[in-house]
Amino acid sequence: MLRQTLGVVRELPRLHEITSVFLRYGLGEFVQRIGLVGLLERAGHALQGGKGVAAARLAPAARMRLALTELGPTFIKLGQVMATRVDLLPPAWIAEFEKLHTQVPPVAFEAVRPELERALGRSPFDVFVELEAQSFAAASIAQVHRARLADGTPVVLKVRRPGVRDKIEADLRLLRHVAELIESEVPEARRYRPVEVAAQFARSLERELDFAAETRNIERFARNFAGDAHIVIPRVFPEWTSDVLLVQERVDGVPGTDPAALDAAGLDRRLLAARGVDAFLKMILIDGFFHADPHPGNVVYLPGNRIALLDFGMVGRLSPERREQIVALLGGLARRDETPMLEVLLDWAGDALVDEAKLAADLNELVFDYEGVPLRELRVDVALRQLAAILREHSIVLPADLALLFKALISLEGLGRAYDPEFRFTERLAPWVEQAVRRRYAPAELARRGRSALSDFLGLFAAVPRDLARLVRDARRGRARVDLDLKRLDHFGRQLDRTLDRVTVGILTASLVIGSAIVMTVREGPTVAGVNLLTAIGLLGYLAAFVNSLWILYGIWRAGKE
């Protein structure tokens, strides 16, 4: 506790502000549970403010969303990340945190102009023409301005808000300490691994702050969809792009936030839904690199029923092994077979203790609910939400890449149905699962995996002499050590204690018998009311020895039963 207290001393003003906001939105119990009030009291900071009159009538999830919004970019992003944790939070909280995608008021152009000049090394008006001072989009980290290059190419400038990095870095330090406080002070919260979630959030936010990283993401997506005429990835102009400025081709079309405009533009809703979902399934199952935030604000529809994707700050990465697990999970869900699903979930659980029989029963119940339901009518988003509820019940916390994936899959079906009420996700999913399976067993892939396995084996074989030499050297220097991990060591210790107890009582019993026999051989001794005291003591000794003998026999019998 002392370490956490000292760690937040320099952040006390911000901590006071955060705590005050939480209290104002009626989240005092949460603040009290994680120890923030006590921490501030020890630091000599007084808190004022109670439940807001309007906020008190709202649900706790809504109050938390409002509090995060007021606290600024770091906490807005935290809520957005938590909206992806369907394995941790119930649907009501996820739904509230999804509302944090709303725009925020932009700052004045004169405030961001110094950032542009530092990034470009000159005045932005020397590089761009028709640079609009009025921002047409703004978010918690950056805002966007329209402009044109000298050759007339329309572009958008995504520039980081001034001072936002310093504030976010301070908030991240504070969040790490708060996560440690929660993990140490709230035992029931440890199952949610707050320190791990805070670390995941910090990594995600650091990548979003770095527009150079986003540029690399865009270029990789452009390569992955180079042969697809229906998916547009806006071009990046790297000569003007840095970690604080992203210059990108401007895409004008129908925004995804205005579905009603699709009909007026003559676009085919059903075709757009199919192409959009196909694009994301390709990212997930084939490329292993996917856009992790597929909400309507990140989509623009173009003539010819083309789809432009925007905002690549939040992406997910899946290893080949992870993709195989996803194929097994989705395939088991589509076939109503819980066996592959159970194996995958146990692998995701890692070292956590899981009641395997109960987990298998819950999965069987999930599968049974969809028995007889035609494949085309299977709602994957509903099934995944039910699966997420099973994960929460069994305290299985998903790795970060899988948390993003679950949220993306759940969002996909909702996005498809928003444009096509008859949309069937499973019909789009089946061909991509089949393609992923074919790729897994294709000759080239089998050869690659074989080469990888052979390389690992040869590497292990080549390392044996070196490892033996190191072992012998450590033994010679007296540094060799053997660590034993006996699962039944505690049980063995208890058994040893009981055995020693019985031996001790047995010795005492034998001593009582011998001592009583000796005392009773004395014929003359002190008497009371005509009774020889030594004889009475001997009889009591025999009685105690008899009772001890019964206790020992009972202990031996009970040990045999165990």
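Here the structure is a predicted model, which is why all the values come from computation and not from measurement. (Residues numbered from 1 in each chain as written. Predicted model: local features only at pLDDT ≥ 70, side-chain atom pairs only at ≥ 80, totals over all residues. Heavy atoms only, no water.)

## Regarding the overall build of the protein chain
In terms of helices and strands, the protein chain carries 23 helices and 13 strands. A buried classification covers 44% of the 562 residues belonging to the protein chain. Once local pairs closer than 6 in sequence are excluded, the contacts in the protein chain between residues at least 24 apart make up 69%. For the protein chain, the computed accessible surface area is about 29,500 Å², with 58% contributed by carbon and sulfur atoms. (Helix = DSSP H or I, 4+ residues; strand = E, 2+ residues; numbered from the N terminus. Buried < 20%, exposed > 50% of the residue type's maximum accessible area, 1.4 Å probe, protein only. Contact = heavy atoms within 4.5 Å. Areas by Shrake-Rupley, 256 points an atom, 1.4 Å probe, with all protein chains shown as cover.)

## Examining the pattern of salt bridges
Counting across every chain of the model gives 18 salt bridges. With a shortest N-O distance of 3.8 Å, Arg146 and Glu132 are connected by a salt bridge. Placement of Arg146 in strand β3 (residues 142–149) and of Glu132 in the loop between β1 (128–129) and β2 (137–138) is noted, with a sequence separation of 14 residues between them. Accessibility expressed as a relative area gives 28% for Arg146, which makes it partly exposed. Overall, Glu132 belongs to the partly exposed group, its relative accessible area being 35%. Across the pair Asp278 and Arg428 runs a salt bridge, and its minimum N-O distance is 2.5 Å. With a gap of 150 residues between them, Asp278 in helix α14 (residues 269–287) and Arg428 in helix α20 (residues 425–440) connect regions that are remote in the sequence. Exposure remark for Asp278: the relative accessible area of 16% places this residue in the buried category. (Salt bridge = Lys/Arg side-chain N within 4 Å of Asp/Glu carboxyl O.)

## Some details on the confidence of the model for the protein chain
Reading fine detail from the predicted coordinates is not recommended where pLDDT is low. When pLDDT is averaged along the protein chain, the result is 79, and 82% of the positions lie at 70 or above. Below a pLDDT of 50 lies the segment residues 1–6, which in the model reaches 10 contacts outside its immediate sequence neighbourhood of four places, other chains included. (pLDDT = per-residue confidence, 0-100.)

## A few points about the packing of helix α6 (residues 73–82) against helix α10 (residues 164–185)
Between α6 and α10, the shortest axis-to-axis distance is 9 Å and the interhelical angle comes to 60°. Relative to α10, the element α6 is oriented oblique. On the side of α6, the interface is formed by Pro73, Thr74, Phe75 and Leu78, while α10 contributes Val164, Lys167, Ile168, Asp171, Leu172 and Leu175. (Axes fitted to C-alpha atoms, helices over the stretch in contact; angles between N-to-C directions. Parallel < 35°, antiparallel > 145°, perpendicular 65-115°, else oblique.)

## Thoughts on helix α16 (residues 338–349)
The first and last C-alpha atoms of α16 sit 16 Å apart over 12 residues, in line with the 16 Å expected at 1.5 Å per residue. Inspection of α16 places Pro340, Met341, Leu342, Val344, Leu345, Trp348 and Ala349 among the buried residues, and these make up the whole buried set. For α16, the N-terminal capping position is held by Asp337, with its side-chain oxygen 3.1 Å away from the main-chain nitrogen of Thr339. (Expected span 1.5 Å × (residues − 1). Polar contact = N/O pair within 3.5 Å; in protein donor to acceptor, adjacent residues only side chain to side chain.)

## A look at a positive patch on the surface
The grouping of Arg203, Arg207, Arg220, Arg223 and Arg317 at the surface amounts to a positive patch. Of all the secondary structure elements, the ones that give two or more residues to the positive patch are α11 (194–209) and α12 (211–224). Tracing the backbone through its elements, the reader meets Arg223 in helix α12. (Patch = residues over 30% accessible without salt bridge, like charges linked within 9 Å, V, L, I, M, F, W, Y side chains within 5 Å. Lys, Arg positive; Asp, Glu negative; His and termini not counted. Charge placed at Lys NZ, Arg CZ, Asp CG, Glu CD.)

## Quick notes on the packing of aromatic side chains
Pairs of aromatic rings are described using the distance from one ring centre to the other and the angle between the two planes. What the rule picks out here adds up to six aromatic pairs. Ring geometry for Phe109 and Phe125: centres 6.0 Å apart, planes at 65°, overall edge-to-face. Taken together, the residues span a long stretch of sequence, with Phe109 in helix α8 (residues 109–120) and Phe125 in helix α9 (residues 124–127) at a distance of 16 residues. A relative accessible area of 8% places Phe109 in the buried class. Ring geometry for Phe221 and Phe289: centres 4.7 Å apart, planes at 35°, overall tilted. In this pair, Phe221 is assigned in helix α12 and Phe289 in strand β8 (residues 289–291), connecting sequence segments 68 residues apart. For Phe289, a relative accessible area of 1% translates into the label buried. Through pairs of rings, three or more aromatic residues link up here, namely Phe221, Phe289 and Phe312. Lying over the aromatic face of Phe289, Arg220 brings its terminal NZ or CZ to 4.3 Å of the ring centre. Sitting over the face of the ring of Phe225, Lys282 holds its NZ or CZ atom 4.7 Å from the ring centroid. (Phe/Tyr/Trp six-rings, centres within 6.5 Å; stacked < 30°, edge-to-face > 60°. Lys NZ or Arg CZ within 6 Å of the ring centre and 35° of its normal.)

## Section: a negative patch on the surface
Among the surface-exposed residues, Glu343, Asp347, Asp355 and Glu356 lie close enough to one another that they form a single negatively charged patch. Mapped onto the secondary structure, Glu343 falls in helix α16.

## Describing the pairing of strand β4 (residues 154–160)
Counted residue by residue, β4 has six buried out of seven residues, so it is predominantly covered. Across seven bridges, the pairing between β3 and β4 is antiparallel. Considered in β4, the bridge of Ala142 is made with Arg160. Here β3 folds back onto β4 in antiparallel fashion, the turn holding four residues, of which Gly152 has a positive phi close to 95°. (Pairing = 2+ DSSP bridges.)

## So, helix α15 (residues 320–335)
With 16 residues, α15 extends 22 Å between its outermost C-alpha atoms, agreeing within 8% with the 22 Å of an ideal straight helix rising 1.5 Å per residue. Turning to α15, its buried residues are Arg322, Arg323, Gln325, Ile326, Val327, Leu329, Leu330, Gly331, Gly332 and Leu333. At the C-terminal side of α15, Arg336 shows a positive phi close to 60°.

## Observations concerning the sheet that holds strand β5 (residues 231–232)
Sheet architecture is open: four strands sit in the order β5-β10-β9-β7, paired in mixed fashion. Two strands in the sheet have a free side with no partner beyond their single neighbour: β5 and β7 (254–255). Direction of pairing for strand β9 (residues 299–302) relative to strand β10 (residues 306–309): antiparallel, over a ladder of four bridges. Residue pairing for β10: Val299 is matched across the bridge by Leu309.

## Regarding the environment of Ile94
Within the secondary structure, Ile94 is located in helix α7 (residues 91–98). With 15 residues separating them in the primary sequence, Ile94 and Gly79 have C-alpha atoms 9.0 Å apart. Residue contacts for Ile94: discarding those within four places in its chain leaves Met82, Ala83, Arg85, Val86, Leu89 and Lys407.

## Some points on the packing of α15 against α20
At their nearest, the axes of α15 and α20 sit 10 Å apart, and the two run at 135° to each other. The orientation of α15 relative to α20 falls into the category oblique. The handedness of the crossing between α15 and α20 comes out as left-handed. Of the residues in α20, those in contact with Glu324, Val327 and Leu330 of α15 are Leu429, Val433, Ala436, Val437 and Arg440. (Left-handed = near helix turned anticlockwise from the far one by under 90°.)

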